[in-house]
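One-letter residues, chain by chain:
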Amino acid sequence: MGILKYTQYLYLLIAAAFIYDGVTKLNSPGENPWLSFIIAGVSVFMFFFRRKYAKKFDDHYKKQ
């Protein structure tokens, strides 16, 4: 269970990288930044989803 506590932060790093990629594509003519922003949004959603799942998993094992 210990690794799940740390892998959820990987999603935040991925989101930050794609936000940076999207912002740099905004300044470039002819580039489409929206896919990068969508992937960043999905990564943030996955961070909160995994965080909730890890908390539920910890609570389940504390009850036993």
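Bear in mind the structure is a predicted one, so any value in this text is a computation, not a measurement.

Caption draft 1: Region of interest: the overall build of the protein. For the protein, the helix and strand inventory stands at two helices and zero strands. In terms of overall size, the protein is more extended than a compact globule, its C-alpha atoms giving a radius of gyration of 16 Å where 64 residues would be expected to give roughly 11 Å. For the protein, the C-alpha atoms occupy an extent of roughly 60 × 15 × 10 Å along the three principal directions. Looking at the protein residue by residue over its 64 residues, the buried ones come to 16%. Counting only contacts in the protein whose residues sit at least 6 apart along the sequence, the fraction spanning at least 24 positions is 57%. Of the accessible surface of the protein, which amounts to about 5,100 Å², a share of 67% is contributed by carbon and sulfur atoms.

Caption draft 2: The arrangement of the environment of Gly41 in detail. Tracing the backbone through its elements, the reader meets Gly41 in helix H2 (residues 34-63). The exposure class assigned to Gly41 is partly exposed, which follows from its relative accessible area of 39%. Once the C-alpha coordinates of Gly41 and Ala15 are considered, the two residues, 26 residues apart in sequence, prove to be 7.0 Å apart.

Caption draft 3: Spatial organisation of the side chain of Ser43. As for its placement among the helices and strands, Ser43 is situated in helix H2. Judged by relative accessible area, Ser43 falls into the buried class, the value being 7%. Ignoring sequence-local partners within four residues, the contact set of Ser43 consists of Tyr11, Ile14 and Ala15.

Caption draft 4: Layout of the UniProt feature "transmembrane region" (unreviewed entry) in the protein. In the numbering used here, UniProt assigns the feature "transmembrane region" (unreviewed entry) to residues 9-26 and 32-49. End-to-end, the C-alpha atoms of residues 32-49 are 28 Å apart, and along that stretch the chain is 89% helix and 0% strand.

Caption draft 5: Expanded view of the packing of aromatic side chains. Taken as a whole and assessed by the stated rule, the structure comprises four aromatic pairs. Aromatic side chains Trp34 and Phe37 sit 5.6 Å apart centroid to centroid with 55 degrees between the ring planes, which places their arrangement in the tilted category. Of this pair, Trp34 and Phe37 both sit in helix H2, three residues apart, roughly one helical turn. For Trp34, a relative accessible area of 53% translates into the label exposed. Their ring planes at 20 degrees and their centres at 6.1 Å tell us that Phe45 and Phe49 sit as a pair that is stacked. Of the two residues, Phe45 and Phe49 both sit in helix H2, four residues apart, roughly one turn of that helix. Three or more aromatic residues joined by ring pairs make a cluster, and in this case those are Tyr9, Phe47 and Phe48.

Calculation notes
- Residues numbered from 1 in each chain as written.
- Predicted model: local features only at pLDDT ≥ 70, side-chain atom pairs only at ≥ 80, totals over all residues.
- Heavy atoms only, no water.
- Helix = DSSP H or I, 4+ residues; strand = E, 2+ residues; numbered from the N terminus.
- Rg over C-alpha atoms; globule rule 2.2 N^0.38 Å.
- Buried < 20%, exposed > 50% of the residue type's maximum accessible area, 1.4 Å probe, protein only.
- Contact = heavy atoms within 4.5 Å.
- Areas by Shrake-Rupley, 256 points an atom, 1.4 Å probe, with all protein chains shown as cover.
- UniProt positions renumbered as here; feature names shortened; annotations may be inferred.
- Phe/Tyr/Trp six-rings, centres within 6.5 Å; stacked < 30°, edge-to-face > 60°.

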